[in-house]
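These are the residues of each chain, in order.
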Amino acid sequence: MSDQIRVRFAPSPTGYLHVGGARTAIYNWAFARAHGGKFLLRIEDTDAQRSTPENTQQILRSLAWLGLDWDEGPTLDGSSRGDFGPYLQTERAELYEREFKKLQDAGLVYPEGDSAAWRFDVRRAWPERTIEFDDLVFGHIVVERDQVEDFIIKRSDGSPIYHFAVVVDDANMLISHVIRGDDHLSNTPKQIVLYRALGYRIPEFAHLSMILGDDGKRLSKRHGATSVEAYRGEGYLPEAMVNYLALLGWAPDGKTTLFARETLAAKFKLDHVSKNPATFDAKKLNWVNQQYIKQMGASAFVDAWWPYLIKAADAEDWQLPDPSARREWYEAMYALVCERIDTLAEAAPKLAYFFSGDHLAMDERSVQKVLRGGGGDNAAANAAAAKNALEAQKAALAALGSADWTLEPITAALDDALAKLALKPKLFWQPLRVAVCGNMVSPPLNESIALLDRVLVLTRIERALQLVD
RNA sequence: GGUCCCGUGGUCUAGCGGUUAGGACGUCGCCCUUUCAAGGCGGAGAUACGAGUUCGAUUCUCGUCGGGACUACCA
């Protein structure tokens, strides 16, 4: 008769953790944290055919990455914590067997045909006409008992079927609130009958609407990335992921869209969870992620970015300067890209010119349009202007010593060159941009030059000059 | 087919009988500008439909339409 709030996330390891499951986990976690309760994790692996330990590991990793710490359940190192274990259903066979005996002794089960499977007798267990319950999200639900058919609770091989195992486990783990996907809403009456038949107290239920793809259909692999692991791989931040997913069906108020995990953990309530299914909007996720990147700061950025940079370096064959010796150099890049990327994985391609050394890739379109004047009427004149600009820039920068190779002197020297040439700013800066960054679209130019090696910059300008002719 | 559930702009939502129906993403336009962004300002855009109840419905009831879930020795 404890009033302790205990909730659980109970995934089945038949696949990775997808965003729908992640949101269910987030709501369970937030509910527990907001009400001073416990959040537990249980692995529903009774389907021996499709469950794998690898999937279990990946699910645990994804949850940990999201920052959803659980009070009880299996841990990443293969053990577990909590007093209500084991937390893997395949290790709870004894309990199921014992509880099954209770139903058998009460005459509430009968064999399925002439197999060794057993079916639960709903009518004998529940004489009343209707089965009712109050769902914390969906409200009062009434179902005619005759709409509920007898169902298998034990397979021929002796293992329990879902409906039986969840009820036994939730009751024995003293779960107070069952918060899960609404694909279980229709199954809840069955489970309520089971609860009473086994003499358990019936918990509160809260069902969560599904998450849909942009075509209005249930989110699936067809819609691209759906696994939490995949989003992690693309460079989404766990904080952004939690924030965005929490927004799919819940809002702290009518105005706030950005909130920390801690705010969720303090303010989350079930009575404001939406009943309608939410469509997953990748564009909004990108925006949320960018907001987090913009506020994370240079140091945190470099830490988070590093694995993605290494991956890009491997693919592009870049030699990365020693991160401990050149920490400031890497951190300086944050200001150059933080407003230009949605994900961490997008940073390296935008900053490629810092890492490609003598092998800077020149974007073909940029070379044609900017260095060679494009195909228009002014092509020849523009190409000539580009040549003049590059020569002036080369001279201006060459005149700077290594000691002056910082933003202010560089900017002053270039501004001075521009003033002398009296060119349209665009015709002056774009050739230099292409020469140094390899592309007519890039992060801030002067700041980039200041971060690049002096000789390398001069070499690149020289190379661009050759491309003009 | 049966049962249950859902229905505010393109998307996520606020609203809980009386509002010029609010915010965010996206979108469009303008400003800023050394490219791209970021930022600022502004615009378009919603209560699925039809009956009730009520002095008054986005809000309560019913029906229609549309969508979803369940109906497995999957969870």
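First things first, this report covers the structure right here in the doc. (Residues numbered from 1 in each chain as written. Chains lettered and ligands numbered in written order. Predicted model: local features only at pLDDT ≥ 70, side-chain atom pairs only at ≥ 80, totals over all residues. Heavy atoms only, no water.)

1. Overview of the environment of Asn382
No. 1: Examined against the element boundaries, Asn382 turns out to sit in helix α16 (residues 379–398).
No. 2: Sequence separation between Asn382 and Val370 is 12 residues, and the spatial gap between their C-alpha atoms is 7.8 Å.
No. 3: Among all residues touching Asn382, those that are not within four sequence positions of it are Gly373 and Leu427. (Helix = DSSP H or I, 4+ residues; strand = E, 2+ residues; numbered from the N terminus. Contact = heavy atoms within 4.5 Å.)

2. Side note on the packing of aromatic side chains
No. 1: Evaluated as defined, the whole model comprises 22 aromatic pairs.
No. 2: With centroids separated by 5.6 Å and ring planes inclined at 90 degrees, the aromatic side chains of Trp250 and Phe259 adopt a geometry described as edge-to-face. Both residues of the pair, Trp250 and Phe259, count as buried.
No. 3: Between Trp305 and Phe355 the ring centres are 6.4 Å apart and the planes differ by 55 degrees, which places this aromatic pair in the tilted class. With Trp305 in helix α11 (residues 298–316) and Phe355 in helix α14 (residues 352–355), this residue pair connects regions lying 50 residues apart in the sequence.
No. 4: With relative accessibility at 0%, the residue Trp305 sits in the buried group.
No. 5: Note on Phe355: relative accessible area 5%, which makes it buried.
No. 6: Here the aromatic residues Phe301, Trp305, Trp306, Trp318, Trp329, Tyr330, Tyr334, Tyr353, Phe354 and Phe355 are joined through ring pairs into a cluster of three or more.
No. 7: It is Arg6 that lies over the ring of Phe84; its NZ or CZ is 4.1 Å from the centre. (Phe/Tyr/Trp six-rings, centres within 6.5 Å; stacked < 30°, edge-to-face > 60°. Buried < 20%, exposed > 50% of the residue type's maximum accessible area, 1.4 Å probe, protein only. Lys NZ or Arg CZ within 6 Å of the ring centre and 35° of its normal.)

3. As for the protein's contact with RNA strand B
No. 1: Surrounding RNA strand B, one finds 57 residues, the nearest of these being Thr46, Arg155, Ser156, Glu339 and Arg340.
No. 2: Within 4 Å of the protein, the contacting atoms of RNA strand B are drawn from sugar and phosphate to the extent of 71%.
No. 3: One of the side-chain N or O atoms of Arg433 is found 2.8 Å from a base oxygen in RNA strand B.
No. 4: At the level of elements, β8 (139–144), α5 (162–172), β13 (278–279), α10 (282–296) and α18 (425–437) are the ones that each hand at least two residues to the surface near RNA strand B.
No. 5: Examining the composition of the surface near RNA strand B, we find that 5 residues originate from one element, α10, more than from any other.
No. 6: Taken together, the residues that form the surface near RNA strand B break down as 18 nonpolar, 20 polar and 19 charged. (Near = heavy atom within 4 Å. Polar contact = N/O pair within 3.5 Å; in protein donor to acceptor, adjacent residues only side chain to side chain. Nonpolar A, V, L, I, M, F, W, Y, C, P; charged D, E, K, R; others polar.)

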